[in-house]
Amino acid sequence: MKRREFIKLFGGAAATWPLAARAQQPERMRRVGVLLGLAENDPETKSRVKAFRLGMRDLGWIEGRNVQFEIRYAGSKPDVIKKHVAELIRLAPDVILANSSPVMVVLHPATSTIPIVFAVVNDPVGQKLIASLAHPGGNITGFSFLESEIVGKWIDLLGDVMPKRSRVALMFNPDTVPYYDGYLSSFKALRQQSSVEAVALHVHNVAEIDQAVAKLGQEPGSALIAAGDPYIVAVRGVILKATTQHRVATISPYRQFVTEGSLMSYGPDTADIFRRSSSYVDRILKGESPANLPAQSPAKFELVVNLKTAKALGLTVRESFLLLADEVIE
């Protein structure tokens with residue numbers, strides 16, 4: 001081969017190297033922070049994380065290949081929430097998925113630049129996390145959990161299996177979810193002639209829970225609503241033990257309560273919310289702004305009834321009511 005031909009051939013081959021090298025470059029690793037308000041070993045937590053991971057995988061985000069998850073668990077403890085928020089802000093992820101109102105209360109003022117998608121958070125507009133559901137504005141959007149109308153629904157469902165109920169207590173920790181007082185006020189305003197007395201039951205510790213449930217058990221016709229509250233989820237074992245001991249019918253928004261012994265649950269499917277939240281994380285990673293992504297309400301609600309618990313409480317559940325349930329535990 002002549003020298004001139006060799007140089008021409010070599011130069012042509014070399015010109016293709018940058019293109020080939022670029023084609024072989026791995027995808028840029030994206031980092032997603034995840035902060036949950038519950039404990040790591042809680043079955044509810046595991047269900048939510050699994051649903052989010054599956055949603056991300058279905059959208060092409062494979063952990064270790066093109067995305068890295070920085071997952072933190074707060075266990076409904078304010079000091080742990082603050083610690084993890086500070087950690088995630090220092091890591092500067094591409095987006096943060098945040099779960100629970102206590103988490104958002106700390107995270108919201110901590111950054112105005114890192115995109116945030118909230119999941120299972122009550123009253124985001126009332127808490128001033130976003131400007132409106134349709135136009136969130138700023139760096140935050142997400143998926144809400146419960147609206148004030150849910151209180152009336154819980155009371156009605158209790159009435160379906162407990163017609164003689166006369167007093168229903170809504171139990172929550174006002175330090176973590178103060179908006180439930182407003183939810184209760186809205187219910188009373190809408191149903192001024194209601195024959196059922198609805199009261200707030202503020203609890204801050206195990207002793208207050210035991211005392212409150214014992215008192216309800218002494219009042220015929222009383223029932224309990226265990227509110228959607230990360231603190232209530234964390235101490236549900238205490239609540240369930242007390243309600244079983246004092247024979248108090250209980251409803252909550254969480255399926256986990258029913259599988260562990262409460263009478264029934266009615267509320268949004270939290271795993272479904274987390275799976276849906278992956279779509280917004282995906283869109284933000286692809287360049288969209290959270291300000292332009294409307295905040296969404298739950299799309300799927302579930303009614304679960306524990307027939308074994310109903311029988312233990314001496315309650316008769318109509319077959320027509322059981323047909324409405326998504327699941328009946330016997």
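Undergrad: Even after reading the chapter, I still don't get the packing of helix H5 (residues 150–161) against helix H6 (residues 180–190), so can you show me in this structure?
TA: Two packed helices can be described by the angle between their axes and the distance between those axes. In contact at an axis separation of 8 Å, H5 and H6 are set at 65 degrees when each is read in the N-to-C sense. By the angle between their axes, H5 is roughly perpendicular relative to H6. Between H5 and H6, the residues in contact are Val 151, Gly 152, Trp 154 and Ile 155 and Tyr 180, Tyr 183, Leu 184 and Phe 187, respectively. In the contact of H5 with H6, the residues fall into seven nonpolar, one polar and no charged.

Undergrad: I tried to follow the packing of aromatic side chains on my own but got confused; where do I start?
TA: The relation between two aromatic rings is expressed through the spacing of the ring centres and the mutual angle of the planes. Tallied over the entire structure, the rule returns nine aromatic pairs. Here Tyr 266 and Phe 301 contribute two aromatic rings whose centre-to-centre distance is 5.6 Å and whose plane-to-plane angle is 25 degrees, an arrangement assigned as stacked. A residue pair is termed long-range when its members are at least 10 positions apart, and Tyr 266 in strand E10 (residues 264–268) and Phe 301 in strand E11 (residues 301–306) qualify at 35 residues. An aromatic cluster is defined as three or more aromatic residues linked by ring pairs; in this entry it consists of Phe 172, Tyr 179, Tyr 180 and Tyr 183. The lysine or arginine in question, Lys 153, covers the ring of Tyr 266, its NZ or CZ lying 5.7 Å from the ring centre.

Undergrad: Sorry if this is basic, but what is going on with the side chain of Thr 243 here?
TA: Residue placement: Thr 243 occurs in helix H9 (residues 236–245). Take Thr 243: its relative accessible area is 5%, and that puts it in the buried class. Among the polar contacts made by the side chain of Thr 243, one reaches the main-chain carbonyl oxygen of Leu 240 at a distance of 3.1 Å. Beyond its immediate chain neighbours, meaning those up to four positions away, Thr 243 contacts Val 213, Leu 224, Val 248 and Thr 250.

Undergrad: Would you take a moment to explain helix H2 (residues 43–58) for this structure?
TA: What sets the pattern is the α-helix's 3.6 residues per turn: residues three or four places apart point alike. With 16 residues, H2 extends 23 Å from end C-alpha to end C-alpha; this agrees with the ideal 22 Å at 1.5 Å per step. Three or more residues of H2 are buried, namely Glu 44, Thr 45, Arg 48, Val 49, Ala 51, Phe 52, Gly 55 and Met 56. Projected onto a plane normal to the axis of H2, the buried residues spread over an arc of 160 degrees and lie on a single side. Residues of H2 that are exposed and point over 90 degrees away from its buried face: Lys 46 and Lys 50. The secondary structure elements touched by the buried residues of H2 are strand E1 (30–36), strand E2 (67–73), strand E3 (95–99), strand E4 (116–121), helix H10 (255–259) and helix H11 (270–285). Here H2 starts with a cap whose side-chain oxygen sits 2.8 Å from the backbone nitrogen of Glu 44, and that cap is Asp 42. At the C-terminal side of H2, Gly 60 shows a positive phi close to 95 degrees.

Undergrad: I tried to follow the layout of surface pockets on my own but got confused; where do I start?
TA: Over the atoms rolls a probe the size of a water molecule, and its path tells where empty space is left. A volume near 240 Å³ is recorded for the largest pocket. Met 162, Gly 221, Ser 222, Arg 247 and Leu 313 are, among the 15 residues lining the largest pocket, the residues nearest its centre. Class assignment of the residues belonging to the lining of the largest pocket gives a composition of seven nonpolar, four polar and four charged.

Undergrad: Would you mind going over the pattern of salt bridges with me for this structure?
TA: Any two side chains of opposite charge can pair, so long as their charged atoms come close to each other. Scanning the entire structure with this criterion turns up 17 salt bridges. Taking the shortest distance from any N to any O, the salt bridge between Glu 260 and Arg 236 comes out at 3.0 Å. With Glu 260 in the loop between H10 and E10 and Arg 236 in helix H9, the pair connects residues that are 24 residues apart, well separated along the chain. Here Arg 255 makes a salt bridge to Glu 327, at a shortest N to O gap of 2.7 Å. One end of the pair, Arg 255, is in helix H10; the other, Glu 327, is in strand E12 (residues 327–329), and 72 residues separate them in sequence.

Cut-offs used in this document
- Residues numbered from 1 in each chain as written.
- Predicted model: local features only at pLDDT ≥ 70, side-chain atom pairs only at ≥ 80, totals over all residues.
- Heavy atoms only, no water.
- Axes fitted to C-alpha atoms, helices over the stretch in contact; angles between N-to-C directions.
- Helix = DSSP H or I, 4+ residues; strand = E, 2+ residues; numbered from the N terminus.
- Parallel < 35°, antiparallel > 145°, perpendicular 65-115°, else oblique.
- Contact = heavy atoms within 4.5 Å.
- Nonpolar A, V, L, I, M, F, W, Y, C, P; charged D, E, K, R; others polar.
- Phe/Tyr/Trp six-rings, centres within 6.5 Å; stacked < 30°, edge-to-face > 60°.
- Lys NZ or Arg CZ within 6 Å of the ring centre and 35° of its normal.
- Buried < 20%, exposed > 50% of the residue type's maximum accessible area, 1.4 Å probe, protein only.
- Polar contact = N/O pair within 3.5 Å; in protein donor to acceptor, adjacent residues only side chain to side chain.
- Expected span 1.5 Å × (residues − 1).
- Arc of directions from axis to C-beta.
- 1 Å grid on protein atoms, 1.4 Å probe; cavity = no way out; pocket = protein on both sides within 12 Å on 5 of 7 lines; lining within 4 Å.
- Points joined across faces, edges and corners; volume = space filled by probe spheres on them.
- Salt bridge = Lys/Arg side-chain N within 4 Å of Asp/Glu carboxyl O.

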